Amino acid sequence: MNETIAVGLHQPDGPVGLQDGRVALVEMEDGHRCLTVLEQDGRRREICRPGGRPTGLVTDGDGCFWVAGGPENSLVRLSPEGRMLQMIEGSDRGPFVLPHDLAFGPDGLLYMSDSGVRIADLVIGQTIRPDFLNAAYNGRIYQIDPADGRVLRSLATGLLLASGIAFDSKGMLYYSEMLTGNIYRQVVGGRQEVFAQALRSPIGGSLRGPVGLAFDRDDTLYCAIYGQGDISLIDASGKVSGHIRTNGALPSNVAFTPDGKHVLITEQQHGAVERIPAPKPGLALHRPTI
């Protein structure tokens, strides 16, 4: 069993290890849509309720929180205390649809996946709709200038439930497509290619697929597989080389602690955060000063 460092959370996602040993995350269940910090003793502390349905989270070099899924499906920047500093609602081609996950790139820009489906077409309350496969999906990957709050370009379109996003040590961009099980990669702005297939079998009638992504220093990709109950380890050639079982069936995201020594997993079946010793040290995240 993995070590459980918190339970009783409400659809946790977007874990971020903070420099002082605490863990930040978002909770997205109705009535508990908030930015949360877990103290080192495991106590849960709500920082704020930014509005919307928060799903993704990163921190910048100023210690501010960037939350995907703010009011009206926006991207918001919050101070360390939770005060609203900035809101980005979309590009010049229209508003965001359903922001999902975030990653800063080596260029200091912010990259965001947008699942590309109306939330009402995906869930009823807290339950996945039985006809979710029939929804109109147009997932996108956005490149954003965080300093002036402007979407620079869309790097991918037409994705079937775009989800996780991450960079490897060489600056290549990776993102997951939940309904197909594909993980794509590209040189930023270049042609996308299928890097890996993360699912053991087709999804069938239940929502299952690759979500959050994180890299270790050897460029092994750790991919949370929602509905499959594990973290898939994918080597640099795109081959699934191993699995880390999770205590519940619904891991939503994965991250390394800043020292690279532990893996953090948000798991939604039990509303938990799990922690395990990292098989290999984690790759440090980009945290630019804005």
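Located above this text is the structure these notes cover.
A. A look at the sheet that holds strand 21 (residues 193–197). What the 4 strands build is an open sheet, ordered 18-19-20-21; its pairing is antiparallel. The sheet is open, and its two borders are formed by strand 18 (162–167) and strand 21, each paired with just one other strand. Ignoring strand direction, the axes of neighbouring strands in this sheet form an average angle of 25°. Taken together, the 4 bridges between strand 18 and strand 19 (residues 173–177) define a ladder with antiparallel strand orientation. Its bridge partner being in strand 19, A166 is matched across the sheet by Y174.

B. Structural detail: the nonpolar core. By size, the foremost hydrophobic cluster in this structure holds 40 residues, and its most contacted members are L122, Y137, L161, I183, Y222, I231 and V263. Mapped onto this core, the elements with two or more residues apiece are strand 21, strand 22 (209–215), strand 23 (221–226), strand 24 (230–234), strand 26 (251–256) and strand 27 (262–267). When residues in this core are grouped by element, the largest group, 6 residues, is from strand 23. Those residues in contact with I231, other than ones at most four positions away along the chain, are Y222, C223, A224, G242, H243, I244, T246, P251, V254 and I265.

C. Representation of the pattern of salt bridges. Taken as a whole, this structure holds 18 salt bridges when the rule is applied. With a shortest N-O distance of 2.7 Å, R43 and D41 are connected by a salt bridge. There is no split in this pair, since R43 and D41 are both exposed. Each of E27, R44, E46 and R49 takes part in one network of salt bridges that share partners.

D. Representation of the layout of surface pockets in the model. In this structure, the largest pocket occupies an estimated 540 Å³ of space. V58, L213, A214, A255 and L285 are the residues nearest the centre of the largest pocket, which is lined by 32 residues in total. Listed by contribution, the elements that provide at least two residues to the lining of the largest pocket are strand 2 (12–17), strand 6 (56–59), strand 12 (99–104), strand 18, strand 22 and strand 26. Considered class by class, the residues forming the lining of the largest pocket number 20 nonpolar, 9 polar and 3 charged. In this structure, the second largest pocket encloses a volume near 370 Å³. As for the second largest pocket, its lining consists of 26 residues, and the residues nearest its centre are M28, R53, H100, L207 and Q268. Among the elements of the structure, strand 12, strand 15 (127–128) and strand 18 are those that each provide at least two residues to the lining of the second largest pocket. In terms of residue class, the lining of the second largest pocket is built from 14 nonpolar, 10 polar and 2 charged.

E. Geometry of the environment of A6. Along the chain, the position of A6 falls in strand 1 (residues 3–6). Its relative accessible area of 8% is what places A6 among the buried residues. Taking the C-alpha atoms as reference points, A6 and R208, separated by 202 residues in sequence, lie 24 Å from one another. Those residues in contact with A6, other than ones at most four positions away along the chain, are L38, G271, A272 and V273.

F. Region of the structure containing the sheet that holds strand 2. Taken together, the 4 strands give an open sheet; going across it, the order is 2-3-4-5, and neighbouring strands pair in antiparallel fashion. Edge positions in the sheet fall to strand 2 and strand 5 (44–48), since each has one partner strand and no second. Averaged over neighbouring strand pairs, the angle between their axes works out to 30° when direction is ignored. Sheet topology places strand 2 next to strand 3 (residues 23–27); 4 bridges connect them, and they run antiparallel.

G. The pairing of strand 18, seen in detail. The element strand 18 is extensively covered by neighbouring structure, given that 6 of its 6 residues are classed as buried. Counting the residues that bridge the hairpin from strand 18 to strand 19 gives 5 residues, and of these G171 lies at a positive phi of roughly 85°.

H. View of unusual backbone geometry. The backbone of E72 sits at a positive phi, close to 55°, despite the residue not being glycine. A positive phi angle is found at N73, which is not glycine, with a value near 60°. Take N73: its relative accessible area is 29%, and that puts it in the partly exposed class.

I. Fine view of the pairing of strand 2. Most of strand 2 sits inside the fold, with 6 of its 6 residues counted as buried. The turn joining strand 2 and strand 3, which pair antiparallel and follow one another in sequence, is formed by 5 residues; a positive phi near 95° is taken by G21.

J. Up close: the side chain of D219. Within the secondary structure layout, D219 lies in the loop between strand 22 and strand 23. In this structure the side chain of D219 is engaged in a polar contact, spanning 2.7 Å, whose partner is the side chain of S169. Within polar-contact distance, the side chain of D219 engages the side chain of K170 at 3.1 Å. Filtering out sequence-adjacent residues up to four positions away, D219 remains in contact with D168, S169, K170, I234, D235 and A236.

Cut-offs used in this document
- Residues numbered from 1 in each chain as written.
- Predicted model: local features only at pLDDT ≥ 70, side-chain atom pairs only at ≥ 80, totals over all residues.
- Heavy atoms only, no water.
- Pairing = 2+ DSSP bridges.
- Helix = DSSP H or I, 4+ residues; strand = E, 2+ residues; numbered from the N terminus.
- Axes fitted to C-alpha atoms, helices over the stretch in contact; angles between N-to-C directions.
- Core = buried A, V, L, I, M, F, W, Y, C linked by side-chain atoms within 4.5 Å.
- Buried < 20%, exposed > 50% of the residue type's maximum accessible area, 1.4 Å probe, protein only.
- Contact = heavy atoms within 4.5 Å.
- Salt bridge = Lys/Arg side-chain N within 4 Å of Asp/Glu carboxyl O.
- 1 Å grid on protein atoms, 1.4 Å probe; cavity = no way out; pocket = protein on both sides within 12 Å on 5 of 7 lines; lining within 4 Å.
- Points joined across faces, edges and corners; volume = space filled by probe spheres on them.
- Nonpolar A, V, L, I, M, F, W, Y, C, P; charged D, E, K, R; others polar.
- Polar contact = N/O pair within 3.5 Å; in protein donor to acceptor, adjacent residues only side chain to side chain.

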